[in-house]
Every structure is written in structure tokens, then in C-alpha cells.
Amino acid sequence: MTTPWQDTALPAEVRAGDLLSRMTLEEKTAQLYSVWPGSEAAGADSADGTSGADVAPLQHEVNRPTDLDALLPHGLGQLTRPFGTAPVDPARGAAELAGTQARIAAANRFGIPALAHEECLTGFTAWQATIFPTPLAWGASFDPALVGRAAELIGGSMRAVGIHQALSPVLDVVRDARWGRTEESIGEDPYLVATIGTAYVRGLEAAGIIATLKHFAGYSASRGARNHAPVSIGPRELADVILPPFEMALRDGGARSVMASYTDTDGIPAHADPGLLTELLRDTWGFTGTVVSDYFGVSFIELAHDLATGPAGAAALALAAGVDVELPGVRCFGSPLLEAVRAGEIPEALVDRAALRVLTQKAELGLLDGVLPEPPSSVNLNPPEMREVARQLAEESVVLLANPGTALPLSPTARIAVVGPLGDDPAAMLGCYTFPRHVGIEHPELPMGVDVPTLLAALRAELPDAEFAHAPGCAVTGPAQPDELAEAVAVATGADVCVAVVGDRSGLFGRGTSGEGCDAADLALPGGQGELLDALLATGKPVVLVLLAGRPYALGRWADRCAAVVQGFFPGQEGGPALAGVLSGRVNPSGRLPVSVPYGPGAQPWTYLAPPLGHRGEASTIDPTPVFPFGHGLSYTSFAWEAPALDAPAIPTDGETTLRLTVRNTGPLPGTEVVQLYLHDPLARVTRPVSRLIGYARVPLDPGACAEVRFTFHADLASYTLRAGQRIVEPGALELRLAASGGEAGARHALPLTLTGQERTVDHRRRLVCEVNVK
């Protein structure tokens, strides 16, 4: 006889509720945690007595061996990173995962497998999987459609091998670029982060993968840009800067999971904050999916925040706040939770609430249907279609910051010196969540798994008639050595042009200059790379500066002395050919800065989203004006912006109007212009940013061609939060600015607009997107 939970015709929540009513307390709590096979070995002490490298904070200190035989009879909620913990051949990994799932299902009386999750911040974090550009490069592309296509392909590859949930994307808005996880973020503007991140969510969800939004909320605003440090921001900044990407990704993207942040905001850790995880996320926004902890985040309530005296106390606070699943292993939601519920210290209703959400999601995924999929006989995680999208995204993410003369494109027959520690290093293309930098770094004997050409190799292929010489000049970290500098100077002196390749090496927890746990004291180039640049410029040879980095670095010392400046943000396995294509002229650059590039290394924290007193002024000797502002980027062709007009110069506070602009390619080459729309509010009841991005459009054009760009502006886009917490749209004068960047010099046209009528209060149901049409 078929019971209701087995009836696939019934709604998922009905099935889950029926199953929950049949479960013991042990079986219900078993759905609330994960196990992490192989993680003990990955984080264990090595034979020489040194600690193994963690891929999660304090992994080898908090993580403990798990007795699967004792756990599995009650079931299992999740499996942690079956592909991303250690190198595994993809086909073998799929077969092993299928075998593990069969073992889990056979061991519990309901035959329910686990939900398997993985990371996919730069593609599926698995050996031999395509490595896409890092999220900061997604932001530089200003291309949500392409980012969404990448996510759909990534999700499809994960689903094919048995993965159900992705711990991506990161929707933290950059507030201080010294933060090591800047590379994992999309940019410093909430609208850019929201639109790009939502596209990524849609792609994953379209492939049948649960997208997990992280880190909810405020992580990127930590004091001093220190990882895990407390957050000191007010409710207005939280509402207007930090939360909008999560609102859009949930409402418009359909994300089905949220990960809580490690940090505390005004003394309340996110993992123990019912105001954030229940009242806002569920009661106000209507979220019905699952909230998962960041790795060991429930334990950190006890161990890092000092809010609980043991695992049971941490479990009580997390469950009450709204955390449904403890990741990556079981410490608090296992026997400590079970014993506390039996003792009457934690209401069983909290366990039921979380378990119902987990089981509902398993029903949606087909994990209650009693059928285990067969593993694929062959697996290719790096097929041509994925490589092509990775290439296109890498090309669109390269930003030409400066090119005052004729240095770029490079002459095809030039003598070219490629100098710098990243010129001939494949790691220069890879962020900290790529498999080679995340896991592979602990397996030096292992092949990288995919082909990652260096910039030097890509330039040699791109310009076969050119003559090349190479010298590292210095290391990424540590002081420059005189003999290495002398060699670099000699190589540059003998060339027609010097391509200086500097920046970051990604890593985790101090094993890199960028990445999780790799925060920077200031925004000076790491190590002796600045000294190397000075030496190269002193030769008098034209120097093309190429930065491969996970954050912006201060360039005011060199920007006007370089023949050209090119920025790449860890562009992935196709990054070398993409950069070489830009340097040769085969690719006309169209990337735009998702973060401002500071003039001096001590100008942070600063983003362009500042009110008047946050900009340059006579009251301070410190000038925070960036050398290259948010949204800036050049092309090898030229564009004219013609005939801007508003359909209506005045609209009600609940109305909309259309802004029209003609863009014409006036140069000799095909190219893509990125038109940006900013809002300036000259008079408000609280201080507002001088300008903020509310829309953008990529406009590809052949020479001489033109296109009309239409932005549909709704008054909701002018809303902001008052001191008391309500969000309003108020009548009055506004200015819509069509601009090539968020800087003062970027504005091309300013169109006045008046909002009329009554002040309106709006909420999360407001219009979030400025619709764009290009034709």
C-alpha cells in the first residue's frame, strides 16, 4: 500500500509532512546534518607533524571523525563535497557517490538518500571540471545573460554526476577591498551584484540545482576587512546596500537555499539571529526553502562568539533563529540536540520545523521517490561548450583601464618582454575556489586537470611572428631580489615593449595574497612587485601593465606612467588566451570595473556609493577619489551617445517612464559599449549616494552601426530607507545620469525627472529591476 509521502502526485510539502509524522526523533534530527567523508584526512596532521591545509575555517580543529555505521540507520540529511574534498576521477566519483547513496538509502527504513552539495563559485569545484572566471570577473562583464548561461552549464554538469545543491553564488557587496573574499564577490554596487547574481541563480535552478545564497548577511562589511570580524553597520546600510541582492535573487531568481554568515552584526551572530533568518527572511520575504549553516557556523556560536556553553546550546540558538541544516558535519545537531530535546531543553517543534523544510526540498528533488539514478558510464566535466562559454566570459571580463598612446594593440612583429611573477604562471588565472588552488595545491604531484595556458604561452600563440623574452623579476610575495630585478631590467631594455604581469596568487587562510582568510593590510601591490614596476618604468621602454588579481590595487603611482593598463580578475582557464586576444587586438575589450581602483593604498574603505561628505573635500587631507572609478573601461573603437530623451519628464511616485538613447559606433572596429544609468537624488531626508547604478546595457555594434537603448525607469528604483526602517518613494526632483562610469568624468548626459503625488511606502515587492531593451 502506498502511503501519502510516497505518492508523487501530491504536493511536496504534503508528502514531507506525512513522512515527518512517521519519523522518530532520531530520524528527524538525522535530516538536519551532513557528513563529510574524507575531510578528516584532508585536514589531518601530516607525517612530518605539520597541520594539513584546511578548505574550511578551523577544519582540522573542529572536524571530527564520523561513525557512519552508527548514523545511517536513522538516515542522513546531506553529503558534503564528494567531489571537492580530494581529487577524484569524475566517472569514478559519480560511481562512488551513487554507491554511497545506495548505502545510505538501504540503511534507513524509509529508503531516503542524502542531498549532496558542492561548491561552484568558479565552475564545479571538481578535478577536471571547466574553470570559469571568478565572480569579480562576472561583474566586470556586465553581462547577466552570459553569466546565467555559464551557471546553467555548470549546474547541468553537477546534476549529471549526482549533486543536488550548490553553495553559490556569493552576493556580498564589496565594502572594503582589503577583504580577502573580494574575489568571490561580484562588485561594490548592489544593483550589479543583484542582477549578475540573480542570473547565476536562475541558471543553476534551471539545471535542477538548488542555489544557495551566501553569506546572509553583512559578511563583507566586517571591521578592518578582516575575515570573520564583527560587522558595524546601521540598519539603513544593511537595507539599502547589503540586502537588495538577496531580495532579487530570492524573488526573481528562485533560489531555494540561503547560507548564514559567519559574522555578527551589532553583537548578534547571523547563525543566532531570528530577526534575520526568520522574521525578515521568512515572515517578511516569504522564503520557504532551507537555511544552511556556513561550515562550522553553528559550532562557532559556542567557540567563536561565546554565546553558548556547549554544542547543545549552540544548536538551540541556531534552530530557534532559523538554521535548518548544520554543515559540513555533525557536531551540534546530532546527539547534543537529541539529548537536549529529550531533556525538554529544546522544543521538538523546532526540530520538526527544520526537518519539514529539508524533507520538502528532498521531495522536490525526487529523493523521496524510491528510485536512485544510475551513475553515468562516462563523464566529461570540461566539454567544448563549457570551454567556449568560459572563453567568452573571460574575454568580456578583461578591462582596458588606460591606453593613452599606441602601445595597444601590440605590434605582431614586436620584440616583447613579458616580465613579472605572473607572466608564465597558470595559477595567475585561478581564484581560491578553483579546484587547483582550493584542493589541488595539497597534491603537487597531481596534474591540473584542465589546460590553463599562461599569458606568455598565450601571447606566443597569438603573435607567432613576435619575439619574446621572459623574466619573473620578483616573487608575488617577499622583497624583490637585486639579481632578479637586474635580469628583468635587462630583458625589458632589449625589447620594444614590456608587458609587466603582476597581482595576486590566490589561496586559503594565509596561503595566498587573495582569497578566503587572505585579507590585506592595505591596497599596495603585494611583495616587491611595486619595486619591479618602478625599475621597469625607469628603463624608458613602454610598459603595458597587466594585473591579474582578486581585488583592485592602488595604481596612482604608475597609472599615468604606463603605456597601457589592463585589469583581469582571475579569468579562469581561458584567461590567458582572452588577455592575449585583448593585447593583440583580436578581442576588442568590453569589460568594466566592478570595483573602483584606488589612487593610493590607504584610501580604503571607500566605494563610489558615498554621500557628498564621503568624496573629496576641504575638510580632510585624504582624497579618496579613485584613479579608475567603478564602471570604467575603454575600447579600441569609439562610440557616440546621441539624442537622449525621457518620454515623460514628470511621473507619479508609483509611475514609470522610458529613457531613450542612441548609441553609434564611430570607430573603425566592431565593439561593445556598456551604457550605465545612474540616479542622483539632490535632496532627501537622509544622506544619499551622490549617484548609484540603477540600470545598464551591453550594446554590440559594427563600425558605423547604431542602436537605440531604452531604459524603463520605475519610481520604485528611487526608493530608500529612512531612520525608522521604512522604505519610501518621495516626490521631488531627481536626475537620471547616462554615464560611462560612476565617476564624475563618466557622466555623458543628465536628464531631470520629477516625481509627483504622495509619498509612498514600499517593501520587498517593489520594482527592483530597470528593464532594458536594445534594438
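This text gives an overview of the structure that appears in the document. (Residues numbered from 1 in each chain as written. Predicted model: local features only at pLDDT ≥ 70, side-chain atom pairs only at ≥ 80, totals over all residues. Heavy atoms only, no water.)

### Comments concerning the overall build of the chain
Along the backbone of the chain there are 22 helices and 27 strands. Expressed as a percentage of its 775 residues, the buried residues of the chain come to 62%. For the chain, the proportion of contacts with a sequence separation of at least 24, taken over those separated by at least 6, is 79%. In the chain, which carries 56 positive and 87 negative side-chain charges, the distance between the mean positions of the two groups comes to 4 Å. (Helix = DSSP H or I, 4+ residues; strand = E, 2+ residues; numbered from the N terminus. Buried < 20%, exposed > 50% of the residue type's maximum accessible area, 1.4 Å probe, protein only. Contact = heavy atoms within 4.5 Å. Lys, Arg positive; Asp, Glu negative; His and termini not counted. Charge placed at Lys NZ, Arg CZ, Asp CG, Glu CD.)

### Some remarks on the packing of helix H10 (residues 235-242) against helix H11 (residues 244-251)
Two quantities define a packed helix pair, namely the angle between the axes and the distance from one axis to the other. For the pair H10 and H11, interaxial distance at closest approach is 5 Å and the crossing angle is 45 degrees. As summarised for this structure, H10 and H11 are arranged oblique, according to the angle between their axes. When H10 is examined against H11, the residues Leu238, Ala239, Asp240, Val241 and Ile242 are found in contact with a partner set consisting of Pro244, Pro245, Phe246 and Glu247. By residue class, the composition of the contact of H10 with H11 is seven nonpolar, no polar and two charged. (Axes fitted to C-alpha atoms, helices over the stretch in contact; angles between N-to-C directions. Parallel < 35°, antiparallel > 145°, perpendicular 65-115°, else oblique. Nonpolar A, V, L, I, M, F, W, Y, C, P; charged D, E, K, R; others polar.)

### Quick word on the nonpolar core
Formed by 170 residues in total, the largest nonpolar core has its most connected members in Phe124, Phe216, Phe333 and Phe713. Excluding residues within four positions of it along the chain, Phe216 makes contact with Leu243, Phe246, Val258, Met259, Ala260, Ser261, Ala270, Leu276, Leu277, Leu280, Leu281 and Trp285. Formed by 40 residues, the second largest nonpolar core is a distinct cluster that contains Val399, Leu401, Cys562 and Phe628. (Core = buried A, V, L, I, M, F, W, Y, C linked by side-chain atoms within 4.5 Å.)

### What about the packing of aromatic side chains?
Across all of its chains, the model carries 14 aromatic pairs by this definition. Measuring from centroid to centroid gives 4.8 Å for Tyr608 and Phe630, while their planes differ by 5 degrees, and the two rings are stacked. Taken together, the residues Tyr608 in the loop between helix H22 (575-584) and strand S16 (639-646) and Phe630 in the loop between H22 and S16 connect sequence positions 22 residues apart. You'll find Tyr608 and Phe630 in the same group, each marked buried. Put simply, the rings of Phe142, Tyr191, Tyr608, Phe630, Tyr678 and Tyr696 touch in pairs and so form one group of aromatic residues. (Phe/Tyr/Trp six-rings, centres within 6.5 Å; stacked < 30°, edge-to-face > 60°.)

### Looking at the sheet that holds strand S20 (residues 692-701)
In spatial order, the strands read S17-S25-S24-S19-S20; together these five strands make up an open sheet with mixed pairing. Since the sheet does not close on itself, it has two edges, and those belong to strand S17 (650-652) and S20, each with one partner. In this sheet, neighbouring strand axes are inclined to one another by 25 degrees on average, regardless of whether the strands run parallel or antiparallel. Where strand S24 (residues 732-739) lies against strand S25 (residues 747-756), eight bridges are found, and the strand directions are antiparallel. Along S25, the bridge assignment pairs Leu736 with Leu751. (Pairing = 2+ DSSP bridges.)

### Re the packing of helix H14 (residues 311-321) against helix H15 (residues 335-342)
Contact pair H14 / H15: the axes reach a minimum separation of 8 Å and the direction vectors enclose 80 degrees. As summarised for this structure, H14 and H15 are arranged roughly perpendicular, according to the angle between their axes. Contacts from Pro311, Ala312, Ala315 and Leu319 in H14 reach Pro336, Leu337 and Ala340 in H15. Residues belonging to the contact of H14 with H15 are distributed by class as follows: seven nonpolar, no polar and no charged.

### Looking at the environment of His215
Relative to the assigned elements, His215 resides in strand S5 (residues 210-216). On the accessibility criterion, His215 (1% relative accessible area) is buried. Residues His215 and Glu279, 64 residues apart in the sequence, show an inter-C-alpha distance of 17 Å. Of note is the side chain of His215, whose polar atom sits 2.7 Å from the side chain of Asp172. (Polar contact = N/O pair within 3.5 Å; in protein donor to acceptor, adjacent residues only side chain to side chain.)

### Overview of helix H21 (residues 529-538)
For H21, every residue scored as buried is listed here: Gln529, Gly530, Leu532, Leu533, Leu536 and Leu537. For H21, the buried positions fall inside an angular range of 155 degrees around the axis, keeping them on one side. Where H21 is buried, its residues meet strand S11 (415-419), helix H20 (482-493), strand S13 (497-503) and strand S14 (543-548). Positioned one or two residues after H21, Gly540 has a phi angle of 85 degrees, which is positive. (Arc of directions from axis to C-beta.)

### A word on the sheet that holds strand S6 (residues 257-260)
In space, the seven strands of this open sheet follow the order S1-S2-S3-S4-S5-S6-S9, with parallel pairing throughout. Either end of the sheet is taken by a strand with one partner, and the two such strands are strand S1 (34-35) and strand S9 (290-292). Pairing analysis gives three bridges linking S6 to S9, with the strands arranged parallel. Paired with Met259 across the strands is Val292, a residue of S9. Along the sheet face, H11 touches S5 and S6 and points at about 165 degrees away from the line of S5.

### Quick word on the pattern of salt bridges
All chains considered together, the criterion is met by 46 salt bridges. Here Glu348 ties to Lys28 by a salt bridge, and the two come within 2.6 Å at their closest N and O atoms. With a gap of 320 residues between them, Glu348 in helix H16 (residues 348-365) and Lys28 in helix H2 (residues 25-30) connect regions that are remote in the sequence. Residue classification places Glu348 among the partly exposed residues on the basis of a relative accessible area of 36%. Among the ionic pairs, Lys28 bridges to Asp352, the shortest N-O distance being 2.7 Å. You can see Lys28 sitting in helix H2 and its partner Asp352 sitting in helix H16, a full 324 residues away along the chain. Residue class for Asp352 comes out partly exposed when judged on its relative accessible area of 24%. Each member of the salt-bridge network shares a partner with another, and the members are Glu388, Arg391, Glu395, Glu462 and Arg586. (Salt bridge = Lys/Arg side-chain N within 4 Å of Asp/Glu carboxyl O.)

### So, unusual backbone geometry
A cis geometry characterises the amide bond from Lys214 onward to His215, with omega recorded as 5 degrees. Residue Pro328 is bonded to the preceding Leu327 through a cis peptide linkage, with omega at 5 degrees. By the element assignment, Pro328 lies in the loop between H14 and H15. Even without glycine at this site, Gln128 takes up a positive phi of about 75 degrees. With respect to the helices and strands, Gln128 occurs in the loop between strand S3 (115-118) and helix H7 (135-141).

### Quick word on H10
Looking at H10, one finds that the buried residues are Leu238, Ala239, Asp240, Val241 and Ile242. Those residues of H10 that are buried are in contact with helix H9 (190-206), H11, strand S22 (720-721) and strand S23 (727-729).

### Quick notes on the state of the cysteines
A complete count under the given rule lists zero disulfides for this structure. Cysteine Cys518 remains unbridged, with the sulfur of Cys432 as its closest cysteine sulfur at 7.4 Å. (Disulfide = S-S within 2.5 Å.)

Remember, this is a structural readout, not a statement about activity or role.
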